Amino acid sequence: MDAVAGSAAAPTSPPVRRRRARGKRIDAAGNAILFGVCLLAALLAMAVLGLVAYEVIHGAQPAMSKFGLGFLTSSEWKPGEQFDLFGAESLLFGTLVSSFFALLLGAPIAISIALYLSLMAPKGVRGVVGPLVELLAAIPSVILGFWGILILAPFAHEHFEPFLHSVFGFIPIFGKPETTGSSIFTASLILTIMVIPIIASISRDLFMAVPRELQDGASALGATRFEVVRGIILPTTASGVAAASLLGLGRALGEAIAVAQVIGAGSKIETSIFKTGDTLAARIANQFPGALSELHKSSLFYCGAILLVIGIISNLVASWIGRRFSYDTGML
Amino acid sequence: MISRTSSGFDPTAPLTPSGNLRRRQLLSSVAEWGGTAAAALAVGVLGIVVFTIVSRGAKAINLDFLLQGAPSGIGPELVGTGIIVAIATVIAAPFGVLIALFLTEYAGNRAATAVRMTMDLMNGLPSIIIGLFIFGLLVNHRKQTGFAASIALVIIMIPLIARGTQEVLRLVPASLREAADALGVARWRTILTVVLPSALGGIVTATILSVARAAGETAPLIFASSVFDPSRFSLNPFEALPNVPVRIYSLSEEANPEGFTEAWGLSLVLISFILFASLGARALLERSKRKMSA
């Protein structure tokens, strides 16, 4: 606006020139301030991330110096004055197993949903089903976990577990069902529900971006729809789908509340997935509020530090794969 | 069906696939059914979860339930969650928008990569880790406060707001910016008076979505604001505030039928808020996108 006023009054008289100079100063200051504030916000975000890592590791310090790396290979978890012994092996095991099963179950379902949404669904259906699948991600984990305890766990205990045991019982992981539905298996089912919308929505966007000509070309050569998917769509998007699955895995590994509600807080490594177990995140949520000693607290921080490392690695690998194959995976 | 006989090609046979082609088409249609079934399964699970919450929660809900404190109601939790989320939004929204502005308006290639990576990592932080962080930073050796809970939620909200804002900022037509440049308008004025207003719809959408996400976040609140008296209304953010997610969590850990009813009621209130907010935000985004492209 100042510039317009200035140009109307040209050729310039001294007061106008002064006013214009003032406007320029204001603009220079404005530019600098806005840039500075934006830069500050970005730097602060990075600093917060660093601070998160620092606080977690700082909190874990006492446990780290007491147990060292042996923490990872010991299953002793005995809080209380007389013992105060901690080890996270069974937690690490529970975390990996439950997330692995969630991904094993969730990824194929999610990819099928994405294929359905991107290739098969009529436009009207797509507009409804797509958002509904994403709404699945909007259910708070505490509600999903509560539903899991009261509805899913008893149902899985009465129907899924006996069935799987009777059919696949010869494989040791499908052992005899226990007395309650709280188990690694139920936790995996809950995690599956959480993982599906993440993988499905990213994969759908990937599938939609596959060039139409490639698909049409394959169809023209007589490929059936499934062969177009297997021959064209999946190979061109494989890396992106892998990145999406890793993001889903990251979510599953770090989920605390819902898992704490349904996994049953067991403390042993069991072969059967129908037995109780525990994960790093769930153990923190369960025991931190009532921690008995500083070392107990610190050990829970140590669990957090392990989780942080696993989480950062899976995120970095996902975004590395994503960037490497030029697709932005950062979002849900 | 018998289009191919041992004698070879039969021109009068009906044109139906046979042999290998038939197998391929069968496989394809099985796969298609699989895809449809997977989509139906996901929608079905959502339907079952929502149906259970509505049918069980509706029994608990009446005016007293919404307005009074424990044992008959959930008023303090609603107020507390409102305060915690409001403080978090007031802090996170400007932050997220500024970071998005930095990404789209100022950052060079390398800085943008670094900031985007930061946002990705922040988005991927398990919320339990954010809880540990807040405990170490603000709660340890002090006491639980609603404010600490708000700060935890800020960390969860920032990447969501920044990401959403950045996406609409990219959609602002270049012609608007060029017109402002041609008129000699300074950059900061262009950003504040041209770019941001035209992206407002998207910013509001992203903020609402992040609020919907933050409102149900439980893990950090266990560290920051979990020791409270559910029968007393509290408005002071510098003490532990009653809140919905932690209450659901602690009720779900007790095996008490009345507690379960209350938890279903709480879940119904929370999930209706979240679903309406998400759907509303989505509608708003569609509208503002249409306006921008028109």
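Since the structure is predicted, the reported quantities are computational estimates derived from the model, not experimental observations.

Enquirer: Whenever I open this one, the packing of aromatic side chains confuses me. Can you help?
Expert: The geometry of an aromatic ring pair comes down to the distance between the two centres and the angle between the two planes. Per the stated rule, a full pass over the model turns up 18 aromatic pairs over all chains. Consider the rings of F146 of chain A and W264 of chain B, whose centres lie 4.5 Å apart with planes at 50°: the pair is tilted. Residue F146 of chain A is located in helix α5 (residues 141-168), and its partner W264 of chain B is located in helix α12 (residues 257-293); the two belong to separate chains. Assigned by exposure class, F146 of chain A and W264 of chain B land together as buried. With a centroid separation of 6.1 Å and an interplanar angle of 45°, the aromatic rings of F174 of chain A and F274 of chain A are classed as tilted. Residue F174 of chain A is located in the loop between α5 and α6 (184-208), and its partner F274 of chain A is located in the loop between α9 (257-262) and α10 (280-287); the two are separated by 100 residues in the primary sequence. An identical accessibility class is assigned to F174 of chain A and F274 of chain A; each is buried. Site record: aromatic cluster; members linked through ring pairs are F67, F71, W77, F86 and Y302 of chain A. Here R283 of chain A stacks its cationic end above the ring of W77 of chain A, 4.9 Å away from the centre of that ring.

Enquirer: Would you take a moment to explain the confidence of the model for chain B for this structure?
Expert: Mean pLDDT for chain B: 89, with 97% of residues reaching 70 or above. ipTM for the predicted complex: 0.88, alongside a pTM of 0.89.

Enquirer: I'm lost on helix α8 (residues 225-254) of chain A in this one. Help?
Expert: Counting along an α-helix, one turn takes 3.6 residues, and residues three or four places apart therefore face a common direction. In this model α8 of chain A runs just 37 Å from its N-terminal to its C-terminal C-alpha over 30 residues, more than 12% under the 44 Å that 1.5 Å per residue would give. At A238 of chain A, α8 of chain A is bent by approximately 65°, the largest bend along its length.

Enquirer: Mind showing me how you'd approach the pattern of salt bridges here?
Expert: Pairs may arise between side chains of opposite charge once their charged atoms sit close together. One pass over the structure, following the stated rule, counts 17 salt bridges over all chains. D205 of chain A is the salt-bridge partner of R204 of chain A, the closest N and O atoms lying 3.5 Å from each other. A relative accessible area of 15% means that R204 of chain A is categorised as buried. A residue is classified by how much of its surface remains accessible, and D205 of chain A, at 33% relative accessible area, is partly exposed. Residue D216 of chain A is joined to R212 of chain A by a salt bridge in which the shortest nitrogen-to-oxygen separation is 3.3 Å. Taken together, the residues span about one helical turn, with D216 of chain A and R212 of chain A both in helix α7 (residues 212-220) at a distance of four residues. According to the relative accessible area criterion, D216 of chain A is partly exposed, its value standing at 37%. Residue R212 of chain A is classed as exposed on the basis of its relative accessible area, which comes to 53%. Connected through salt bridges with shared partners, the residues E134, R204 and D205 of chain A together with R282 of chain B form a single ionic network.

Enquirer: What is the right way to read unusual backbone geometry from this model?
Expert: Excluding glycine, residues mostly have negative phi values, and the peptide bonds linking residues are mostly trans. A positive phi angle is found at A265 of chain A, which is not glycine, with a value near 50°. Mapped onto the elements of the fold, A265 of chain A is located in the loop between α9 and α10. Judged by its relative accessible area of 43%, A265 of chain A is partly exposed. Positive phi, close to 65°, is recorded for H141 of chain B, a residue that is not glycine. Following the sequence through the fold, H141 of chain B ends up in the loop between α5 (127-139) and α6 (146-171).

Enquirer: Explanation requested: the nonpolar core in the structure shown.
Expert: Nonpolar side chains in soluble globular proteins tend to be buried together. Residues F71 and I113 of chain A together with I128 and I248 of chain B are the most contacted members of the largest nonpolar core, which totals 186 residues. Apart from residues lying up to four places away in sequence, I113 of chain A is in contact with V133, I196 and A200 of chain A together with A38, A39 and A42 of chain B.

Enquirer: Honestly, the confidence of the model for chain A in this entry has me stumped. Any pointers?
Expert: Segments scoring low in pLDDT should not have their predicted coordinates read at a detailed level. Residue and element names in this part refer to chain A. Looking at chain A, the pLDDT average stands at 86 and 94% of residues meet or exceed 70. Between residues 1-9, whose pLDDT stays under 50, and residues either more than four places distant or in other chains, the model counts seven contacts. The model gives residues 327-332 a pLDDT under 50, and that stretch makes 21 contacts with residues more than four places away or in other chains.

Enquirer: Would you explain the side chain of E217 of chain B in this entry?
Expert: Residue and element names in this part refer to chain B. Here E217 shows up in the loop between α9 (200-215) and α10 (219-224). Among the polar contacts listed, one links the side chain of E217 to the side chain of S127, at a separation of 3.0 Å. Not counting chain neighbours up to four residues away, the residues in contact with E217 comprise S127, L153, I156 and P245.

Enquirer: Whenever I open this one, the interface of chain A and chain B confuses me. Can you help?
Expert: The figure often quoted for interface size is the accessible area lost as the parts come together. At the junction of the two partners, chain A supplies 76 residues and chain B supplies 79 residues. The contact between chain A and chain B buries some 7100 Å² in all, and 77% of this surface belongs to carbon and sulfur atoms. Inspection of the chain A/chain B interface yields four salt bridges. Two residues, E32 of chain B and R225 of chain A, come together in a salt bridge whose shortest N-O distance is 3.3 Å. Inspection of the region where chain A meets chain B yields 12 residue pairs in polar contact (both at pLDDT 80 or more). Secondary-structure elements contributing two or more residues to the side of chain A that touches chain B are α2 (14-67), α3 (89-120), α4 (123-136), α5, α8, α9, α10 and α11 (294-324) of chain A. Ranked by residues supplied to the side of chain A that touches chain B, first place goes to α2 of chain A with 20 residues. Class assignment for the residues of the side of chain A that touches chain B results in 56 nonpolar, 12 polar and eight charged.

Cut-offs applied
- Residues numbered from 1 in each chain as written.
- Chains lettered and ligands numbered in written order.
- Predicted model: local features only at pLDDT ≥ 70, side-chain atom pairs only at ≥ 80, totals over all residues.
- Heavy atoms only, no water.
- Phe/Tyr/Trp six-rings, centres within 6.5 Å; stacked < 30°, edge-to-face > 60°.
- Helix = DSSP H or I, 4+ residues; strand = E, 2+ residues; numbered from the N terminus.
- Buried < 20%, exposed > 50% of the residue type's maximum accessible area, 1.4 Å probe, protein only.
- Lys NZ or Arg CZ within 6 Å of the ring centre and 35° of its normal.
- pLDDT = per-residue confidence, 0-100.
- Expected span 1.5 Å × (residues − 1).
- Bend = angle between axes of the 7 residues up to and from the residue.
- Salt bridge = Lys/Arg side-chain N within 4 Å of Asp/Glu carboxyl O.
- Core = buried A, V, L, I, M, F, W, Y, C linked by side-chain atoms within 4.5 Å.
- Contact = heavy atoms within 4.5 Å.
- Polar contact = N/O pair within 3.5 Å; in protein donor to acceptor, adjacent residues only side chain to side chain.
- Buried area = accessible area lost by both parts, 1.4 Å probe.
- Nonpolar A, V, L, I, M, F, W, Y, C, P; charged D, E, K, R; others polar.

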